[in-house]
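One-letter residues, chain by chain:
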2 protein chains.
Amino acid sequence: MPKIGMEPVRRRALITAAIEAIHDRGMAGLTMGDIAKRAGVSSALAHHYFGSKDHLLIATMRHLLDELGEEFRRRLAEANTPEARIDAIIEGNFAPCQFQPTVISAWLAFYMQAQHDAEAMRLLKVYLRRLESNLVAGLGAMLPPAVARDTARGAAAMIDGLWLRAALKATDVPAEEAIRLVRDYVSSTVKRHA
Amino acid sequence: MPKIGMEPVRRRALITAAIEAIHDRGMAGLTMGDIAKRAGVSSALAHHYFGSKDHLLIATMRHLLDELGEEFRRRLAEANTPEARIDAIIEGNFAPCQFQPTVISAWLAFYMQAQHDAEAMRLLKVYLRRLESNLVAGLGAMLPPAVARDTARGAAAMIDGLWLRAALKATDVPAEEAIRLVRDYVSSTVKRHA
DNA sequence: TATTTTTGATTGAGCCATCAATCAACAAAA
DNA sequence: TTTTGTTGATTGATGGCTCAATCAAAAATA
């Protein structure tokens with residue numbers, strides 16, 4: 001019973017399916033057929049909407065960026081003090097909808113892809129710059145510029161590292177603990193320079 | 001002009017070639033033919049020595065682990081104080097031979113592979129545990145147990161995150177700066193608890 | 001309202017290229 | 001001549017992508 005206006009629904013479903021497929025097949029074993037099957041459609045339809053596997057992947061990455069960006073926007077809108085803004089960024093990174101095995105795997109794949117795909121690299125830099133500038137903006141109000149930049153880099157690195165580790169569940173570090181670790185790092189640096 | 005005793009030479013060359021191929025083709029575009037060509041041999045020879053693509057990949061991962069382990073061993077052998085041991089671990093992670101785009105890409109691929117490959121996961125856990133226990137061992141002499149564990153996790157995460165960022169050269173963070181960031185984090189935590 | 005036309009949604013079948021893996025054969029050292 | 005090193009040719013399977021055809025809803029027309 002095909003209805004009209006299916007395009008956005010299918011695009012969404014295929015992107016979600018791609019994220020899942022990346023998670024449990026890996027980039028090497030990723031096929032359009034598998035993705036399409038997970039989305040409940042034929043592989044031909046996936047090609048119809050995205051043109052090619054590469055395009056679907058790029059769209060998936062863009063989706064990840066958008067979701068995370070939206071998460072930040074929501075939280076930053078309610079943060080009034082510099083401290084609250086820092087917390088918003090830290091907690092945004094570990095929000096339940098982001099801090100999931102499938103999503104983390106997809107981000108990992110994204111990082112890999114960026115090494116040999118110019119568009120992926122471009123998108124990734126958007127994320128990196130946004131994260132760092134958000135952190136610097138918050139920290140700038142509490143620390144000397146040089147220290148603020150260092151701390152932003154350290155915190156950003158710690159966040160990414162905690163993501164990486166969460167991907168494997170090798171050492172089970174739940175979101176709350178991750179948040180606490182980054183927060184402690186930042187707040188102790190701020191206190192030291194008070 | 002085939003000589004005798006080629007096996008270790010070929011194995012080495014193929015593994016290095018695999019690391020390079022992963023870096024600039026990605027896991028998706030990785031082929032035995034490409035790897036073999038980079039190593040200057042036929043793809044048949046790669047199969048002859050490794051049996052299969054999977055085996056070659058596992059051997060490559062094992063090689064990465066061995067190299068890093070050796071780096072640690074060398075540095076830890078000359079470290080007498082707890083402080084020196086911490087430094088040895090931090091600096092070992094950013095040693096020139098480790099902190100290279102190709103090697104970092106391979107580690108990234110390794111992380112991804114671990115999500116759906118049991119052997120890769122097993123190997124990766126070896127690395128994670130070794131890093132964390134080395135850090136905890138050094139920090140235990142200077143900090144209360146709970147704080148030592150947290151700091152070890154924070155430092156380990158920061159190290160991995162700095163690696164991740166170095167992979168892209170998006171935000172150019174040279175080794176010395178990375179080392180300084182992690183060291184500052186650890187030393188300021190130690191001072192705070194002195 | 002009934003009928004025709006149009007159009008978006010969808011797929012099965014299949015082409016074509018690629019690639020992992022195998023094999024038979026050959027060259028050089030021992 | 002046995003062993004080790006090596007390759008080109010081959011194959012079987014797989015997967016990206018195309019295409020012609022179908023189907024059902026919407027729009028247009030009578």
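Residues numbered from 1 in each chain as written. Chains lettered and ligands numbered in written order. Predicted model: local features only at pLDDT ≥ 70, side-chain atom pairs only at ≥ 80, totals over all residues. Heavy atoms only, no water.

## Structural notes on the pattern of salt bridges
- One pass over the full model with this rule turns up 35 salt bridges over all chains.
- Put simply, Glu-71 of chain A and Arg-74 of chain A hold a salt bridge, and the shortest N to O gap is 3.3 Å. In this pair, Glu-71 of chain A and Arg-74 of chain A are both assigned in helix H4 (residues 53-77), three residues apart and thus about one turn of the helix distant.
- Here Glu-71 of chain A falls in the buried class, since its relative accessible area comes to 6%.
- Among the salt bridges present, the one from Glu-70 of chain B reaches Arg-73 of chain B, with a minimum N-O distance of 2.5 Å. You can see Glu-70 of chain B and its partner Arg-73 of chain B sitting in helix H4 (residues 53-77), three residues apart, about one turn around the helix.
- The exposure class assigned to Glu-70 of chain B is partly exposed, which follows from its relative accessible area of 33%. (Salt bridge = Lys/Arg side-chain N within 4 Å of Asp/Glu carboxyl O. Helix = DSSP H or I, 4+ residues; strand = E, 2+ residues; numbered from the N terminus. Buried < 20%, exposed > 50% of the residue type's maximum accessible area, 1.4 Å probe, protein only.)

## Some points on the packing of aromatic side chains
- Throughout the structure, instances matching the rule amount to 11 aromatic pairs over all chains.
- Aromatic pair Trp-107 of chain A and Phe-110 of chain A: ring centres 5.4 Å apart, planes at 35 degrees, arrangement tilted. Note that Trp-107 of chain A and Phe-110 of chain A are positioned in helix H6 (residues 101-114) at a spacing of three residues, about one turn of the helix.
- The class of Trp-107 of chain A is buried, set by a relative accessible area of 3%.
- Here Phe-99 of chain B and Trp-163 of chain B contribute two aromatic rings whose centre-to-centre distance is 6.4 Å and whose plane-to-plane angle is 65 degrees, an arrangement assigned as edge-to-face. Taken together, the residues span a long stretch of sequence, with Phe-99 of chain B in the loop between helix H5 (82-93) and helix H6 (101-114) and Trp-163 of chain B in helix H8 (residues 145-168) at a distance of 64 residues. (Phe/Tyr/Trp six-rings, centres within 6.5 Å; stacked < 30°, edge-to-face > 60°.)

## As for the protein's contact with DNA strand C
- What surrounds DNA strand C is a group of 21 residues, the closest being Arg-10 and Ser-42 of chain A together with Met-32, His-47 and Lys-53 of chain B.
- Within 4 Å of the protein, atoms of DNA strand C come from sugar and phosphate in 77% of cases.
- At 2.4 Å, a side-chain N or O of Arg-10 of chain A approaches a phosphate oxygen of DNA strand C.
- Counting residues per element, the ones that place at least two in the surface near DNA strand C are helix H1 (7-25) and helix H3 (43-50) of chain A together with helix H2 (32-39) and helix H3 (43-50) of chain B.
- At four residues, the largest contribution of residues to the surface near DNA strand C is made by H3 of chain A.
- Considered class by class, the residues forming the surface near DNA strand C number 10 nonpolar, seven polar and four charged. (Near = heavy atom within 4 Å. Polar contact = N/O pair within 3.5 Å; in protein donor to acceptor, adjacent residues only side chain to side chain. Nonpolar A, V, L, I, M, F, W, Y, C, P; charged D, E, K, R; others polar.)

## Comments concerning the relation of the copies chain A and chain B
- Note on the identical chains: chain A maps onto chain B by a rotation of 179 degrees and an axial translation of 0.0 Å, with an RMSD of 0.1 Å. Expressed as an axis order, the relation between the two copies is that of a two-fold axis. (Least-squares fit on C-alpha atoms with pLDDT ≥ 70 in both.)

## Side note on the nonpolar core
- Within the largest apolar cluster, 152 residues are counted, with the highest numbers of intra-cluster contacts made by Phe-94 and Trp-107 of chain A together with Phe-94 and Trp-107 of chain B.
- Residues within four places of Phe-94 of chain B in sequence aside, it is in contact with Phe-99, Ile-159, Leu-162, Trp-163, Ala-175, Ala-178, Ile-179 and Val-182 of chain B. (Core = buried A, V, L, I, M, F, W, Y, C linked by side-chain atoms within 4.5 Å. Contact = heavy atoms within 4.5 Å.)

## What to know about the domain arrangement of chain A
Residue and element names in this part refer to chain A.
- According to the domain assignment, chain A contains domain 1 (1-51) and domain 2 (66-192).
- Taking only C-alpha atoms, the centre of domain 1 and the centre of domain 2 are 29 Å apart.
- Facing six residues of domain 1, the contacting portion of domain 2 comprises eight residues.
- Between domain 1 and domain 2 the total buried area reaches about 530 Å² when both faces are included, carbon and sulfur atoms providing 76% of it.
- It is Ile-19, His-23 and Met-27 that lose the most area in domain 1 upon contact with domain 2, and together they represent 72% of the buried surface on that side.
- Summed over the shared surface of domain 1 and domain 2, the result is two residue pairs in polar contact (both at pLDDT 80 or more).
- Within the side of domain 1 that touches domain 2, the residues separate by chemical class into three nonpolar, one polar and two charged. (Domains from an automatic or database assignment. Buried area = accessible area lost by both parts, 1.4 Å probe.)

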